[in-house]
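Spelled out, the chains give:
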Amino acid sequence: MTSPLLIVDAFASEPFSGNPAAVCLLDGDRDAVWMQAIAGEMNLSETAFVRPIDGGFGLRWFTPAVEVDLCGHATLASAHALWELGRLPKDQPARFLSRSGWLIASLRSEEIEMDFPAKPAVEAAPPPELAQALGAKLKWAGSNKMDWLVEVDSASTLRALKPDLALLGTLPVRGVIVTSVSDKPEFDFVSRFFAPAAGVPEDPVTGSAHCCLAPFWSARLGKAEMVGFQASKRGGVVRVKLRGDRVLLGGRAVTVVSGHLSRAV
């Protein structure tokens with residue numbers, strides 16, 4: 001029996017927006033070399049591999065270049081795929097065991113809400129290559145175990161960024177989150193995410209980055225519930241709710257391609 005393989009636009013309410021992720025539903029475990037080869041073939045920012053385990057599903061994420069510890073949009077896409085293909089009843093949450101522990105996704109009307117760990121950034125002096133690569137003055141800078149987070153002075157500055165991706169890729173982190181307060185009333189903050197070292201020059205919508213953005217903006221805006229917009233070319237909306245050391249991420253998903261892996265692989 002061949003494995004179902006879907007391409008799902010996550011953090012999107014219509015096709016060809018948000019962030020596309022490939023989701024491969026497996027009957028058993030496969031080795032990392034095989035998974036990395038499939039991810040390279042798909043050539044999307046993330047390919048998720050889902051298999052049944054006791055208590056839920058095992059979940060691993062791969063960019064075209066590396067395996068990552070946490071990915072929001074591919075988790076959202078994986079839950080969507082399980083419900084859409086009938087692998088899990090829609091009234092049951094999807095429980096995923098990942099490299100970041102157990103993650104839970106629940107269907108709330110037409111939106112999927114995911115329970116993720118908060119990943120706050122600690123203020124730190126940035127390396128000089130960071131501002132140089134972004135070509136912008138940094139209003140604030142800090143980091144967590146995965147990424148640098150930098151605030152710039154305005155949404156217009158953020159939207160106009162044309163970073164030196166080769167230079168950004170030399171930094172010893174997964175990626176760089178750039179953010180500012182929103183210039184539109186329907187959103188609280190805007191962001192972009194660059195991860196050339198992980199094989200993703202600019203990610204369209206990054207759920208895991210919002211695990212860092214939620215505590216950052218909650219402290220500055222005095223809100224526990226906010227709406228973020230990732231201002232990539234495709235763009236996407238992420239609803240965030242800060243709950244202590246957890247962040248609830250909300251968004252929609254749309255299946256664009258549905259098929260199976262060839263028996264040859």
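Residues numbered from 1 in each chain as written. Predicted model: local features only at pLDDT ≥ 70, side-chain atom pairs only at ≥ 80, totals over all residues. Heavy atoms only, no water.

Digging into helix α6 (residues 210–221)
- Of all 12 residues in α6, nine are buried; the element is thus mostly enclosed.
- Among the residues making up α6, those that are buried are His210, Cys211, Cys212, Leu213, Ala214, Pro215, Phe216, Trp217 and Ser218.
- Downstream of α6 by a residue or two, glycine 222 has a phi angle that is positive, lying close to 70°. (Buried < 20%, exposed > 50% of the residue type's maximum accessible area, 1.4 Å probe, protein only. Helix = DSSP H or I, 4+ residues; strand = E, 2+ residues; numbered from the N terminus.)

Digging into the environment of leucine 107
- For leucine 107, the location among the structural elements is in strand β7 (residues 101–108).
- According to the relative accessible area criterion, leucine 107 is partly exposed, its value standing at 30%.
- Once the C-alpha coordinates of leucine 107 and proline 117 are considered, the two residues, 10 residues apart in sequence, prove to be 19 Å apart.

Describing helix α1 (residues 32–42)
- The set of residues buried in α1 consists of Trp34, Met35, Ile38 and Ala39. Each buried residue of α1 sits inside an arc of 135° when the element is viewed along its axis, so together they form one side. Residues of α1 that are exposed and angled more than 90 degrees away from the buried face: Val33 and Glu41.
- In this structure, the buried side of α1 is in contact with β2 (19–25), β3 (47–53) and β4 (56–62).
- If you check the start of α1, you find a side-chain oxygen 3.0 Å away from the backbone N of valine 33, and it comes from aspartate 31.
- Residue asparagine 43 follows α1 closely and has a positive phi angle near 55°. (Arc of directions from axis to C-beta. Contact = heavy atoms within 4.5 Å. Polar contact = N/O pair within 3.5 Å; in protein donor to acceptor, adjacent residues only side chain to side chain.)

Some points on the pairing of strand β15 (residues 225–230)
- Extensive coverage of β15 is indicated by the burial of five of its six residues.
- Examined bridge by bridge, strand β13 (residues 189–195) and β15 share three bridges and lie parallel to one another. Within β15, the residue paired with valine 190 across the bridge is phenylalanine 229.
- For β15 and strand β16 (residues 236–243), the ladder comprises six bridges, and the chain directions are antiparallel. Opposite glycine 228, over in β16, you have valine 238 as the bridge partner.
- The antiparallel pairing of β15 with β16 creates a hairpin that spans five residues between the two strands, and glycine 235 there sits at a positive phi of about 75°. (Pairing = 2+ DSSP bridges.)

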